[in-house]
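For reference, the chains in residue letters:
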Amino acid sequence: MEDQKYTIKDIARMAGVSAGTVDRVLHNRGDVSSKSKAKVQKVLDEIHYQPNVFAIGLAAKKKYTFICLIPYYIEHDYWHSVVGGIERARQELRPFNVSVNYLCYHHGDKKSYQEACHTIRDSSVDAVLIAPNFREETIELTSYLQENKIAYAFVDFNMEEANALTYIGQDSYKSGYIAAKILMRNYSLGEGQELVLFLSNNKNNPAEIQMQRRLKGFMSYITEEYDNLTIHEVVLNKSNQENNQQTLDEFFQAHPKAVLGIVFNSRVYQLGEYLRHAEHSMKGLIGYDLLKANVDLLKSGDVHYLIGQRPGLQGYCGVKALCDHVVFKKSVDSVKYMPIDILIKENIDFYFEFV
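Under an unreviewed UniProt entry, the name given to the protein chain is LacI family DNA-binding transcriptional regulator, and the source organism is Bacteroides caccae.

Here it is as structure tokens:
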């Protein structure tokens with residue numbers, strides 16, 4: 001049945017509905033009763049129906065505008081990789097009259113995020129790819145998008161209550177849980193040895209929900225498996241490495257048995273560079289994201305594990321999902337979890353992210 005070509009009339013006859021009903025279901029136009037829609041969908045599933053997206057796109061006269069709301073980025077950082085995936089999707093979608101634009105904000109800066117959200121509300125747009133930051137501002141924006149029937153998808157972090165068309169990214173809680181399991185099972189603690197959580201000075205900021213979920217997942221495993229484990233928290237400043245050096249000097253002098261550690265964001269390079277220059281080492285150190293600086297420290301042995309989350313693939317799949325929904329009228333899965341990639345120095349040279 002898969003190789004046979006079916007017309008709308010064929011599908012209508014098989015479903016026992018009118019050709020007009022089939023057309024409305026296929027193109028998501030007009031009202032169709034749930035009973036009739038179910039009949040049509042059953043036939044579509046049985047014949048493995050696939051719409052001719054090229055014909056749909058080329059025949060369409062409408063031009064579509066997508067906006068990607070993401071943090072400002074620099075070369076080789078996490079969001080630069082996300083943009084690489086978005087750009088690949090943008091090139092593929094040009095024949096279908098889809099333009100993809102960017103609107104950037106300063107991560108963790110509420111005013112910057114608010115201004116970007118207001119700009120979207122003042123724009124003529126068909127779909128929005130959002131890297132959500134502050135909860136209240138995101139809910140306000142998505143409520144506006146819902147009211148105006150504008151599709152939106154989330155990447156990197158999911159705010160479930162905002163009801164995005166789809167979320168594409170890691171399960172932050174599980175990635176933290178897995179990080180704890182890797183660290184604690186691969187490096188047994190000797191008598192009196194201790195664990196360190198290296199946290200950001202923005203750890204309580206409402207914009208840092210993903211980091212907070214990773215921490216929660218990490219501590220869930222620790223609580224399940226370990227009693228009487230000494231755990232320290234060291235707060236590092238995102239933009240003040242000089243202050244970090246003093247903080248770390250004082251900490252390691254006071255706690256020489258702190259031998260296992262984790263950094264819950266992409267800045268494990270701050271700690272790794274300190275360890276290298278201080279000629280100090282940890283038995284096990286794990287961080288997130290394959291930034292060039294992080295990878296260099298993984299290869300040198302100053303960092304022992306990196307957890308990757310395929311940012312390029314997130315950007316690519318986010319834009320493609322919006323296009324499938326808005327342009328091609330295809331159904332989209334509500335969640336597309338990215339793999340939780342575990343990288344060590346022995347396999348990092350073989351890793352690449354295909355988007």
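Visitor: Any chance you could explain the packing of helix α5 (residues 78-93) against helix α13 (residues 311-326) here in plain terms?
Guide: At a minimum axis separation of 6 Å, α5 and α13 run at an interaxial angle of 35°. As for the relative orientation of α5 and α13, their crossing is right-handed in sense. Residue-level contacts link Tyr-78, Ser-81, Val-82, Gly-85, Ile-86, Arg-88, Ala-89, Glu-92 and Leu-93 of α5 to Pro-311, Gly-312, Gln-314, Gly-315, Tyr-316, Val-319, Lys-320 and Cys-323 of α13.

Visitor: Would you explain empty space enclosed by the protein in this entry?
Guide: Gaps left between atoms show up when a probe the size of a water molecule is rolled over them. Applying the stated criterion to the full structure yields one cavity of 30 Å³ or more. For the largest cavity, the calculated volume is near 50 Å³. Lining the largest cavity are Phe-198, Leu-199, Ser-200, Leu-236, Lys-238, Val-263, Asn-265, Arg-267 and Gln-270. With three residues, the top contributor of residues to the lining of the largest cavity is strand β6 (residues 194-200). Split into classes, the residues belonging to the lining of the largest cavity amount to four nonpolar, three polar and two charged.

Visitor: Quick question: what am I supposed to make of the packing of aromatic side chains here?
Guide: Describing an aromatic ring pair means giving the distance of the ring centres and the angle of the ring planes. According to the stated counting rule, one finds 11 aromatic pairs in the structure shown. Relative to Tyr-337, the ring of Tyr-167 lies with its centre 6.2 Å away and its plane at 75°, an arrangement referred to as edge-to-face. Of this pair, Tyr-167 sits in strand β5 (residues 167-169) while Tyr-337 sits in strand β11 (residues 335-337), and the two are 170 residues apart along the sequence. A relative accessible area of 48% places Tyr-337 in the partly exposed class. Aromatic pair Phe-218 and Phe-264: ring centres 5.5 Å apart, planes at 90°, arrangement edge-to-face. A residue pair is termed long-range when its members are at least 10 positions apart, and Phe-218 in helix α9 (residues 209-225) and Phe-264 in the loop between β8 (258-263) and α11 (268-277) qualify at 46 residues. Here Phe-218 matches Phe-264 in class, with each residue buried.

Visitor: How should the pairing of strand β2 (residues 98-105) be read in this particular structure?
Guide: On any regular strand, side chains alternate: one points to one face of the sheet, the next to the other face. The sheet contact formed by strand β1 (residues 64-71) and β2 spans eight bridges and is parallel. Pairing of Cys-68 across the sheet is with Tyr-102, part of β2. You can see the chain leave β1, run along α5 and come back into β2, and the turn it takes is right-handed.

Visitor: So what exactly am I meant to see when it comes to the sheet that holds β1 here?
Guide: To summarise the sheet geometry, strands pair through backbone hydrogen bonds and adopt either a parallel or an antiparallel arrangement. A sheet is described by the order of its strands in space; here six strands give the open sequence β2-β1-β3-β4-β5-β11, paired in parallel fashion. Lying at the two open borders of the sheet, with one neighbouring strand each, are β2 and β11. The average angle at which neighbouring strand axes cross in this sheet is 15°, direction not considered. By the bridge criterion, four bridges tie strand β3 (residues 127-130) to strand β4 (residues 151-155) in an arrangement that is parallel. Its bridge partner lying in β4, Ala-127 is registered against Ala-151. The strands touched by α5 within the sheet are β1, β2, β3 and β4, with β2 carrying the most contacts at an inclination of about 165°. Of the strands in this sheet, β1, β3 and β4 touch helix α7 (residues 135-147), which is tilted by about 150° from β4.

Visitor: What is the right way to read unusual backbone geometry from this model?
Guide: Glycine aside, residues mostly have negative phi angles, and peptide bonds mostly take the trans form. A positive phi angle, close to 55°, is found at Glu-279, a residue other than glycine. Structurally, the position occupied by Glu-279 is in the loop between α11 and β9 (284-288). For Lys-329, which is not glycine, the phi dihedral falls at a positive 55°. Looking at the secondary structure, you find Lys-329 in the loop between α13 and β11.

Visitor: Can you walk me through the sheet that holds β6 in this structure?
Guide: As summarised here, the arrangement of the six strands in space is β7-β6-β8-β9-β10-β12, forming an open sheet in which the pairing is mixed. The open sheet has two edge strands with one neighbour each: β7 (231-236) and β12 (341-343). Looking at each pair of strands side by side, their axes are set apart by 20° on average, direction ignored. One ladder, built from six bridges, connects β6 with β7; its direction is parallel. Its bridge partner being in β7, Val-196 is matched across the sheet by His-232. Against the sheet, α11 contacts β6, β7, β8, β9 and β10 (305-308), and its axis sits at roughly 145° relative to β9.

Visitor: Please explain the pattern of salt bridges as it appears in this structure.
Guide: Going through the model one piece at a time under the given rule, you end up with 13 salt bridges. When the shortest N-O distance is used, the salt bridge between Glu-161 and Arg-135 registers 2.0 Å. Of this pair, Glu-161 sits in the loop between β4 and β5 while Arg-135 is found in helix α7, placing the two residues 26 residues apart along the sequence. The residue Lys-292 makes a salt bridge to Asp-296 at a minimum N-O spacing of 3.2 Å. Here the residue Lys-292 and the residue Asp-296 both occupy positions in helix α12 (residues 292-300), the gap between them amounting to four residues, near one helical turn. When its relative accessible area of 36% is taken as the criterion, Asp-296 is described as partly exposed.

Visitor: Sorry, what's going on with the pairing of β4 here?
Guide: Of all five residues in β4, five are buried; the element is thus mostly enclosed. Where burial is concerned, the two faces of β4 agree: the one with Ala-151, Ala-153 and Val-155 and the one with Tyr-152 and Phe-154 are both buried. For the crossover that starts at β3, traverses α7 and ends in the parallel β4, the hand is right-handed. Inspection of the sheet shows β4 paired to β5 by two bridges, in the parallel sense. The partner of Phe-154 across the bridge, within β5, is Tyr-167.

Basis of the calculations
Residues numbered from 1 in each chain as written. Predicted model: local features only at pLDDT ≥ 70, side-chain atom pairs only at ≥ 80, totals over all residues. Heavy atoms only, no water. Axes fitted to C-alpha atoms, helices over the stretch in contact; angles between N-to-C directions. Helix = DSSP H or I, 4+ residues; strand = E, 2+ residues; numbered from the N terminus. Left-handed = near helix turned anticlockwise from the far one by under 90°. Contact = heavy atoms within 4.5 Å. 1 Å grid on protein atoms, 1.4 Å probe; cavity = no way out; pocket = protein on both sides within 12 Å on 5 of 7 lines; lining within 4 Å. Points joined across faces, edges and corners; volume = space filled by probe spheres on them. Nonpolar A, V, L, I, M, F, W, Y, C, P; charged D, E, K, R; others polar. Phe/Tyr/Trp six-rings, centres within 6.5 Å; stacked < 30°, edge-to-face > 60°. Buried < 20%, exposed > 50% of the residue type's maximum accessible area, 1.4 Å probe, protein only. Pairing = 2+ DSSP bridges. Right-handed = clockwise from strand over helix to strand, strands pointing away. Salt bridge = Lys/Arg side-chain N within 4 Å of Asp/Glu carboxyl O.

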